[in-house]
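Chain residues, written in single-letter form:
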Amino acid sequence: MRKLTALFVASTLALGSASMAFAADTATTAAADNAPMKMMHHKGPGKGGPFAGLNLTEQQRQQMRDIMKEAHQKRGPGMKEERQALHTLVASDSFDEAKAKAQIDAMSKAHSERMLARAKAENKMYNLLTPEQKKQYNENYQKREQKMMEHMNKMKAQHEAAE
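All residue numbers refer to position in the chain's written sequence, counted from 1. In view of the model being predicted, local features appear only for residues whose pLDDT reaches at least 70, and side-chain atom pairs are presented and counted only at 80 or more, with totals across whole chains, interfaces and linings using the full set of residues. Excluding hydrogens and water, the side-chain values take into account all heavy atoms of the structure.

Basically, it comes down to this: UniProt positions are given in the numbering used here, feature names are shortened, and annotations may be inferred rather than shown by experiment.
If you check an unreviewed UniProt entry, the protein chain appears there as ATP-independent periplasmic protein-refolding chaperone from Serratia rubidaea. Word for word, the UniProt comment on the protein chain under Sequence similarities (unreviewed entry) is "Belongs to the CpxP/Spy family." Listed in UniProt under the heading Subcellular location (unreviewed entry), the comment for the protein chain reads: "Periplasm".

Written out as structure tokens, the structure reads:
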């Protein structure tokens, strides 16, 4: 169960950062399509995931928005409904282990499908990048991975100290 929770937390963090990194700008710019631009993020430049700070052109930004919009439209039922169905089983007068297992299996399958769709969309976006942008993307990824590992180790140490 601890591994499942860790996987869920890690994927939630990753999905959250991806959503922030690819959020469409509401402001329009009069810059030419070829003019390099930095992506805007709620946390500031360079802190929104591996696509942050890549100096994307407006054309790249638009293509990435289109890819994310397409991926968003293909999503099935949301996690909220899945959690609500599991909660209904947990909050019943008697626990039906078979139904709970079936719901958890369905949630795991849906989670895997969402992760696969996200990976496909990110691959499409990655392949829009120039070689220099790909290098920066990979550096951003490594930095984020290291920070995540440091955070997980810190949380593990705190958990062990509490026991």
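Moving on from the model shown.
**Quick word on the overall build of the protein chain**
This is how it is decided: Helix numbers and strand numbers start at the N terminus; a helix is a DSSP run of H or I with at least 4 residues, a strand a run of E with at least 2. With a 1.4 Å probe rolled over the protein chains alone, any residue whose accessible area is under 20% of its type maximum counts as buried; one over 50% counts as exposed, and the rest are partly exposed. Residue contacts follow a heavy-atom distance rule, with two residues in contact if any of their heavy atoms lie within 4.5 Å. The Shrake-Rupley method, run with a 1.4 Å probe sphere, supplies the accessible areas, and residue values consider only the shown protein chains as cover.
In terms of regular secondary structure, the protein chain is built from five helices and two strands. Sequence-ordered secondary structure for the protein chain, helices as α and strands as β, is α-β-β-α-α-α-α. The buried share of the protein chain, reckoned over its 163 residues, is 25%. Put simply, 59% of the contacts in the protein chain that link residues at least 6 apart link residues at least 24 apart. Summing over all exposed atoms, the protein chain offers an accessible surface of approximately 11800 Å²; the carbon and sulfur share of this is 58%.

**Quick notes on the side chain of N140**
Within the secondary structure layout, N140 lies in helix α5 (residues 131-162). Not counting chain neighbours up to four residues away, the residues in contact with N140 comprise G49, P50, A52 and L54.

**So, the packing of helix α2 (residues 58-73) against helix α4 (residues 97-126)**
As a reminder, the rule being used: Axis lines are fitted to C-alpha atoms, over the contacting stretch for helices. Their N-to-C directions set the angle, which ranges from 0 to 180 degrees. Orientation categories follow fixed angle ranges, with anything under 35 degrees roughly parallel, anything over 145 roughly antiparallel, 65 to 115 roughly perpendicular, and all other angles oblique. Here a crossing is taken to be left-handed if its near helix is turned anticlockwise relative to the far helix by less than a right angle, and right-handed if that turn runs clockwise. Residues are grouped as follows: nonpolar covers Ala, Val, Leu, Ile, Met, Phe, Trp, Tyr, Cys and Pro; charged covers Asp, Glu, Lys and Arg; every other residue, Gly included, is treated as polar.
Direction vectors running N to C along α2 and α4 enclose 165 degrees, while the axes themselves pass 10 Å from each other. By the angle between their axes, α2 is roughly antiparallel relative to α4. Note on packing geometry: the crossing formed by α2 with α4 is right-handed. Across the interface between the two elements, M64, I67, M68, E70 and A71 from α2 touch A121, K124 and M125 from α4. Looking at the contact of α2 with α4, its residues break down into six nonpolar, no polar and two charged.

**Here we look at α5**
Spelled out, the test is: Multiplying 1.5 Å by the residue count of a helix minus one yields the expected span of that helix.
Taking 1.5 Å as the rise per residue, α5 with 32 residues should run 46 Å; its terminal C-alpha atoms sit 47 Å apart, in good agreement. All of the buried residues in α5 are Q133, Y137, N140 and M148.

**Some words on unusual backbone geometry**
A positive phi angle, near 50 degrees, is found at N55, a position not held by glycine. Along the chain, the position of N55 falls in the loop between β1 (36-37) and β2 (56-57). A relative accessible area of 37% means that N55 is categorised as partly exposed.

**As for the packing of helix α3 (residues 79-90) against α4**
Contact geometry for α3 and α4: axes closest at 10 Å, N-to-C directions at 165 degrees. One way to sum up the angle between α3 and α4 is to call them roughly antiparallel. Along this stretch, α3 crosses α4, giving a crossing that reads as left-handed. Where α3 abuts α4, its residues M79, E82, R83, A85, L86 and L89 lie against K99, A100, Q103, I104, M107, A110 and R114.

**Quick look at the pattern of salt bridges**
Selection criterion: One side-chain nitrogen of Lys or Arg within 4 Å of one carboxyl oxygen of Asp or Glu is enough to make a salt bridge.
Counting across every chain of the model gives eight salt bridges. With a shortest N-O distance of 3.7 Å, R61 and E58 are connected by a salt bridge. Within this pair, R61 and its partner E58 are both found in helix α2, separated by three residues, close to a single helical turn. The buried category is assigned to E58, whose relative accessible area is 16%. Residues joined in a network through salt bridges with shared partners are E58, R61 and R65.

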